[in-house]
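Notes for the structure review
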Amino acid sequence: MSTHVPTSQSTPALLLEGVSKSFGSVVALKSGSLRMESHSIHALIGENGAGKSTLVKIIAGVHQRDAGTLEFAGESVDFSNTAQSKDAGIAVIYQEPTLFPDLSVTENIFMGRQPTKGFRGIDRRAMRSQVKELFSQLGVNLDPDRPTRGLSIADQQIVEIAKAISLDARVLIMDEPTAALSGVEVERLFKVARSLRDEGRALLFISHRFDEVFDLCDTVTIMRDGEYVATTPIEDTSVDDLVRQMVGRDVSTLFPKEPAEIGDEVLVVDGLNQRGLFHDVSFSVRSGEIVALAGLVGAGRSEIARAVFGVDDYESGSVSVNGTQLRKHNPAAAMNAGIALVPEDRRNQGVILESSVARNTTLAIRRALTRWGLLWPAAENKAAATWASRLEVKTSALDAQVGTLSGGNQQKVVLAKWLATDPKVLIVDEPTRGIDIGTKSEVHRDLSKLAGQGLAIIMISSELPEVLGMADRVLVVHEGRITAEIDRADATPESVMFAATHSKEVAA
Amino acid sequence: MSNAVAERTTVRTYKNYSRPWWQRAFLTREMAIVAAVIAVYIVAAIMVPNFAAPITLTYLMLDIAAILLIALPMTMIIITGEIDLSVASVVGLSSVAFGTLYQAGWPIPLAMLAALVAGAIAGFINGFLVTVVGLPSLAVTIGTLALFRGLAVGILGTTAVTGFPDTWTDLATSKIPGTPIPSVMVLFVVLAIIFALVLHATPFGRGVFAIGQSSEAARFSGVRVERTKLMLFVASGTIAALAGIYYTLRYGSARGDNATGLELSVIAAVLLGGVSIFGGRGALHGVIAGVFLIGILASALRLANVTSDVINIITGTLLVISVISPSLLAWARSARARQRGRRESAGGTPAVTAANQASPDAPASATQEKEAQ
């Protein structure tokens, strides 16, 4: 495979060639190359496990490359920690920003380098006015004095960007910044990104959403299996081309749900209330049916799912499975009744990163695996191997730490864990977020197959094509209420988006 | 539509383990401590006069029996990421309860039972404040450390209850016939087997580890986080009370200030035995070895006429080393990996590290990723 990067006369803002990185025997990056120009937004795409994150972490100084060259503004550099890359003028904004929740927006932006006045006191006034200036430059309206706790992810990213600009970062890297943003927030982020580009900075944008790549970026670099594939100007390529280059084969981006026999009502949720989160939520799901909860991020969909599963409490209402009402706020009771929840936050809620594939896979069924009250390694490994194999988890061994797997494979471990419980109701919250296309269609196919086997499935998704492709019925949640129920036949991007953005009650 | 998703016809097979069984069994932190115990014992037996005598072993075990007992539930509590600093005060409290009730004319078995119940209640108070009220266990048990000790001393003042029947005090210091091993070790071995099975081979134990590694993921997997912790605190109080009864009978004296400061020895031994203070990692055989290591060192040094302050310095140093050694090892590994990477990049060959480096390196890189988040 060629690692040649198209060259031009000007000095690139950032240049990587043939960069590699291994963790033990796991090769995370075989040969990464990237050429970023000033005055340009560059997209970096590739399936999960393609090496994008490793590449970014090498640029940021989190990891050190094993081989290859890294040049910043024409000079070869070695970053042995993140402080050095920051000082050089590289800022990385991660999907989930890392701010100090109890400090104000202003204090976060100036953390560690507060301007001082006499007697080394912190010059709060100067800090504040600089922040106001930054925000007006970015065209955003944020209160500099409020604590960052409670800010939306989108606003937290803006704070991170402001911090980067106040450091005069020449290279800005955004790792899947839009994954948790709603449409309006994405637009605002793009406006900010474009204005930064026009100021002459170089931006790197990592995303799984092609429409965004085509909307925002000037150039795109594709990676596959830890290797550089190609770099092309965005106008010379198409979605089909990109997908082909990413996966090395043709892939239909969507796996539509196959018709399944719709049976009796399995899950009935009646009048669920929790002040400030959701109100009077009632719906039911039949066996063989996939019901999508659509809506904007923050509309209360995940909160409803968590309450149904019992991880969170609710004030009034009831949840019943096959006619039996569940004890509220009790995940064990929900599990025994046959509910499974694949949560939104895979790394913190779905898997235990420190623990092995086998232990993760058998965690929810550990009581059923006992003989004479004890767990025997052979039984655990057999169950883990069965389910890992059924979901095609890629791992070196069953005792490998889940943290060493790629995101898509981690998600498969979560699915394996829950399918092993033989659930009647499966709730999946953003099942394909941050997952590459190949694994995505595998997940879609699995869900379709499970519905075919008579499971009742609730799918929460922020991706419209996924909702429209998979759901038999779409329930639209807006500000904690179900505002519309749309059948598969009537569901269009327009009808769903309209209900998601308008609070007017639509008779179900 | 093309052959988009290849039909899955192949069945994957998996290796159960990435390392052979003997490496998994012996190349562990726990076995390193076990090896250290054996080495220190042999060295002490050669260098320190009288250390090899059977009577030394008897007194050594009598001395560490209370620590061994309390370390069992403490290991599980620390693995969940919590801590119980009040155990030594519960020893004092149960000693006083036992002594006072005996003095009041209760039969010994009934007084013992009452002392155990007192310990369980003390543990329940800790557990209730941690799990239901939601306070940090460090703060709660510092508070109850003072509270329980205060109660114990308050009830009995500076006096002691003595004059326990000889049958009972002799039992506490008796030996298994034909061996130098104290009978109390039978009680310990039975409890150790129960605790080891519960921690390492039951669903409850899997829950304990899961809570320590990620309490949120554990909750999302149906692990009853609060209930598990509450049960562990009650177990800790009960076992501490059992140690209190043993302590009282062994010295023939029920006092409010019995076992003052013992909690530090217990926690030191648990950490020395390879349990992570951050939770989620540890094994019971390492902890037992940790208790023996501290006990043997103290005993040998005492026999060699080393003063107790020097013994404290040595134990303290060992503890600090044991707590920082995992981080030091990780640091050394990543530094070595970096150097190797540089050398190989200078040579122009891509760095593909040897396969046998996989597992030791994995935790280091996982830590780095955590920091990056």
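Procedures and definitions
- Residues numbered from 1 in each chain as written.
- Chains lettered and ligands numbered in written order.
- Predicted model: local features only at pLDDT ≥ 70, side-chain atom pairs only at ≥ 80, totals over all residues.
- Heavy atoms only, no water.
- Domains from an automatic or database assignment.
- Phe/Tyr/Trp six-rings, centres within 6.5 Å; stacked < 30°, edge-to-face > 60°.
- Helix = DSSP H or I, 4+ residues; strand = E, 2+ residues; numbered from the N terminus.
- Buried < 20%, exposed > 50% of the residue type's maximum accessible area, 1.4 Å probe, protein only.
- Pairing = 2+ DSSP bridges.
- Contact = heavy atoms within 4.5 Å.
- Axes fitted to C-alpha atoms, helices over the stretch in contact; angles between N-to-C directions.
- pLDDT = per-residue confidence, 0-100.
- Parallel < 35°, antiparallel > 145°, perpendicular 65-115°, else oblique.
- Nonpolar A, V, L, I, M, F, W, Y, C, P; charged D, E, K, R; others polar.
- Core = buried A, V, L, I, M, F, W, Y, C linked by side-chain atoms within 4.5 Å.

**Describing the domain arrangement of chain A**
Domain boundaries assigned for chain A yield domain 1 (14-99 + 151-247), domain 2 (252-338 + 423-508) and domain 3 (352-422). One C-alpha centre belongs to domain 1 of chain A, the other to domain 2 of chain A, and the line joining them spans 33 Å.

**Details of the packing of aromatic side chains**
Residues and elements named next belong to chain A. Under the definition given, this model contains 8 aromatic pairs over all chains. Centroid distance F309 to W418: 5.7 Å. Interplanar angle 85 degrees. Geometry classified as edge-to-face. Taken as a pair, F309 in helix α9 (residues 301-309) and W418 in helix α14 (residues 407-419) lie far apart in primary sequence, 109 residues in all. Here F309 falls in the buried class, since its relative accessible area comes to 0%.

**Quick word on the sheet that holds strand β16 (residues 316-321) of chain A**
Residue and element names in this part refer to chain A. In spatial order, the strands read β14-β13-β16-β17; together these 4 strands make up an open sheet with antiparallel pairing. Of all the strands in the sheet, just β14 (278-286) and β17 (324-325) have a single pairing partner and so form its edges. Two elements, strand β13 (residues 265-274) and β14, share 6 bridges in a ladder whose sense is antiparallel. Residue pairing across strands places Q274 opposite F278, the latter belonging to β14. The strands that α9 touches are β13, β14 and β16; relative to β14, the one it contacts most, it runs at about 70 degrees.

**Overview of the confidence of the model for chain B**
Residues and elements named next belong to chain B. Of the residues in chain B, 87% have a pLDDT of 70 or more, and the chain-wide mean is 85. Low pLDDT, under 50, characterises residues 344-373; the predicted model gives this stretch 43 contacts beyond four residues in sequence or across chains. On the interface metric, ipTM, the complex scores 0.78, and its pTM is 0.74.

**Some points on the packing of helix α8 (residues 184-201) of chain B against helix α9 (residues 203-213) of chain B**
Residue and element names in this part refer to chain B. Between α8 and α9, whose axes approach to 5 Å, the crossing angle comes to 65 degrees. The angle between the axes of α8 and α9 places the two elements in the roughly perpendicular class. On α9, the residues touching V198, L199, H200 and A201 of α8 are F204, G205, R206, V208 and F209. Split by residue class, the contact of α8 with α9 holds 6 nonpolar, 2 polar and 1 charged.

**Observations regarding the nonpolar core**
Of all hydrophobic cores here, the largest spans 86 residues; its most connected members are L267, F283, I339 and L426 of chain A. Element by element, the count of residues in this core is highest for α14 of chain A, at 6 residues. Counting residues domain by domain, this core receives three or more from each of domain 2 (252-338 + 423-508) and domain 3 (352-422) of chain A. Ignoring anything within four residues of it in the chain, the contact list for I339 of chain A reads L267, V308, F309, V321, L326, A334, W418, V425 and I427 of chain A. In this structure, V48, A71, F148 and V161 of chain B belong to the second largest nonpolar core, which totals 82 residues.

**Some thoughts on the side chain of T362 of chain A**
Tracing the backbone through its elements, the reader meets T362 of chain A in helix α12 (residues 357-362). Setting aside residues no more than four positions away along its own chain, T362 of chain A makes contact with L369, E380, A383 and A384 of chain A.

**A word on the pairing of strand β20 (residues 456-460) of chain A**
In the case of a regular strand, side chains alternate between the two sheet surfaces. Residue and element names in this part refer to chain A. Burial within β20 is extensive, with 5 of its 5 residues counted as buried. Looking at chain direction, strand β15 (residues 290-295) and β20 are connected through 4 bridges and run parallel. Each residue of the ladder has a partner; that of A292, found in β20, is M459. Taken together, the 5 bridges between strand β19 (residues 425-429) and β20 define a ladder with parallel strand orientation. Across the sheet, V425 pairs through a bridge with A456, a residue of β20.

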